[in-house]
Amino acid sequence: MAVMRLGYVHARVTDLDASRSHYAQTLGMRVVHEGDGRLYLKSWDEWDHHSVVLEEGGVGLVKLGYKVESPADLDVFERRAERFGCTTKRMSRGDNLAVGDGVRIVLPSEHVVELYHEIEFAGTETGALNPAPFPRHLVGVGVPRIDHALITAEEPALLERFFAECLDFRPAERLITDHSTEELIGSWMFCGNSPHDIAFIKGPNSKLHHFAYQLEDWNAIRHAGDLFAMDDVSVDIGPTRHGITRGQTIYFFDPSGNRNEVFSGGYTTFPDFPTITWTADQLATGIFYIGREVNERFTSVLT
Amino acid sequence: MNAEDSSSVTASPDDPSSVTASPDDSPTVTVSPDQVVVRAAPGQTIMSALSTAGFGYRVGCRRGGCGVCKMDVLSGRVEYRTPIAATVLDDTEIAAGTCLSCRAVPIGDVVVRLRNHRLRRLHHLFGP
């Protein structure tokens, strides 16, 4: 029984055509469906129907979808979330295009997370039989898959407890004020084998900081940066490295101002991974390891 | 941003002066209280005009999503050529003279004022 991964990000955008250009041409996702003011997109190495939904009107996060291992997991996670005090609601097949039954949970941070097990299988673009390492028709960055999301919460400790107690996530890294008070400022939590499948930092409830795509390596990050310059993408910071997660990164903004990230590297986690602690006095090194300076945008720009 | 978007600097915080004659009749953007005046090419946003002229100020996503770059429009009018989220800039703010400088395109000359921070000249490679 487990949550397996971040399956989809559903975000609001102000302009669907500009978003199509960014997500399909610059990032290289494929539009798999459109209608009712929404675009559904998929990356080439993902096998489920879609991983990003863009809805016209506003900015910010509508919801995050996490895929669970078995149908029975939905009952267990639903009961745990209710006992925790969260509002939950059953969702039916068809409520989300191509997605089966599931449970919708309003987190203590007011974000909406949907747990589901079934989603239409589309297959990767290289297939599952004697596959090539990548499809040769890739466009732009050619992102292989989405990886994680970072959200903000007024009470990070409460949200960490929710993900740990209700969904069996584990903290890979925790950012605390100092050793005397140990107040939690941020947590990077995993359900699979990556450094984080969800992360949150202290901030207003219900806001999105960013969602990220995993690229192959540092060279792919640099290549993405070159393409961002060619396509006049608004870059927040990077290429650089995170101290937290060890990942290599560029933060940038979509045409509506939602922050995206391309991310590579990072370590492998297991259930017995010893949690890493960062103290606030080393925050800048933790966030941006090379420059050791957190720009003002990092905490002030949220959608 | 590209060469076609370029605006010309006509004054700087170090050398405030009135707008000099310009070969075009593109709108001017005057930033109060420094009285920096730059020209905005047709369709160019206030942020882009100031940026290409070498000036910086506190900005966020530069794409209309965060509201960090809001300014007060003291005189003149602006328009938006892309949709703006009401959660970022609502009608009440617009009526009160707030603009989102990364998306606001001047219609004619405008005078704007930054909030809680000042314009900075980012370099001295060109301009007066």
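Residues numbered from 1 in each chain as written. Chains lettered and ligands numbered in written order. Predicted model: local features only at pLDDT ≥ 70, side-chain atom pairs only at ≥ 80, totals over all residues. Heavy atoms only, no water.

Moving on: the overall build of chain B. Broken down by element type, chain B carries 2 helices and 7 strands. Element order for chain B, N to C, with α for helix and β for strand: β-β-α-β-β-α-β-β-β. Residues classed as buried in chain B amount to 49% of the 128 residues present. Intrachain contacts of chain B at a sequence separation of at least 6 include 69% that bridge at least 24 residues. (Helix = DSSP H or I, 4+ residues; strand = E, 2+ residues; numbered from the N terminus. Buried < 20%, exposed > 50% of the residue type's maximum accessible area, 1.4 Å probe, protein only. Contact = heavy atoms within 4.5 Å.)

Listed by partner, the interface residues are 17 residues for chain B and 19 residues for chain A. A salt bridge links arginine 58 of chain B to glutamate 296 of chain A; its shortest N-O distance comes to 2.8 Å. (Salt bridge = Lys/Arg side-chain N within 4 Å of Asp/Glu carboxyl O.)

Here we take up the nonpolar core. All names here are of chain A. Leu64, Phe162 and Phe163 are the most contacted members of the largest nonpolar core, which has 56 residues in total. The two domains that each donate at least three residues to this core are domain 1 (3–116) and domain 2 (145–300). Apart from the residues lying within four places of it in its own chain, the contact partners of phenylalanine 163 are Leu107, Asp168, Phe169, Met189, Ile198 and Phe200. (Core = buried A, V, L, I, M, F, W, Y, C linked by side-chain atoms within 4.5 Å. Domains from an automatic or database assignment.)

Before going further, it helps to examine the environment of valine 105 of chain B. Residue and element names in this part refer to chain B. Mapped onto the elements, valine 105 comes out in strand β6 (residues 104–114). Residue classification places valine 105 among the buried residues on the basis of a relative accessible area of 3%. Linking valine 105 and arginine 77, residues 28 residues apart in sequence, is a C-alpha distance of 8.6 Å. Once residues lying within four places of it in the same chain are set aside, the contact partners of valine 105 are Gly43, Gln44, Thr45, Arg77, Val78, Glu79 and Arg81.

This brings us to the domain arrangement of chain A. Residue and element names in this part refer to chain A. What the domain assignment lists for chain A is domain 1 (3–116) and domain 2 (145–300). Its C-alpha centre places domain 1 at a distance of 20 Å from the equivalent point of domain 2. Both sides together, the interface formed by domain 1 and domain 2 hides about 3100 Å², and carbon and sulfur atoms give 68% of it. Seen at the junction of domain 1 and domain 2, the total is 1 salt bridge. Residue aspartate 168 pairs with arginine 80 through a salt bridge whose shortest N-O separation is 3.1 Å. The tally of links from domain 1 across to domain 2 stands at 14 residue pairs in polar contact (both at pLDDT 80 or more). Listed by contribution, the elements that provide at least two residues to the side of domain 1 that touches domain 2 are β1 (3–13), α1 (16–26), β5 (60–68) and α2 (71–84). Here the residues of the side of domain 1 that touches domain 2 are counted per class, giving 23 nonpolar, 10 polar and 6 charged. (Buried area = accessible area lost by both parts, 1.4 Å probe. Polar contact = N/O pair within 3.5 Å; in protein donor to acceptor, adjacent residues only side chain to side chain. Nonpolar A, V, L, I, M, F, W, Y, C, P; charged D, E, K, R; others polar.)

In this structure the tally under the stated criterion is 0 disulfides over all chains. Among the cysteines around cysteine 86 of chain A, which has no disulfide bond, cysteine 166 of chain A carries the closest sulfur, lying 5.9 Å off. Cysteine 86 of chain A gets classed as buried once you look at its relative accessible area, which sits at 9%. Cysteine 102 of chain B takes part in no disulfide bond, and the closest cysteine sulfur to it belongs to cysteine 69 of chain B, at a distance of 3.8 Å. Looking at cysteine 102 of chain B, the relative accessible area reads 6%, which means it is buried. (Disulfide = S-S within 2.5 Å.)

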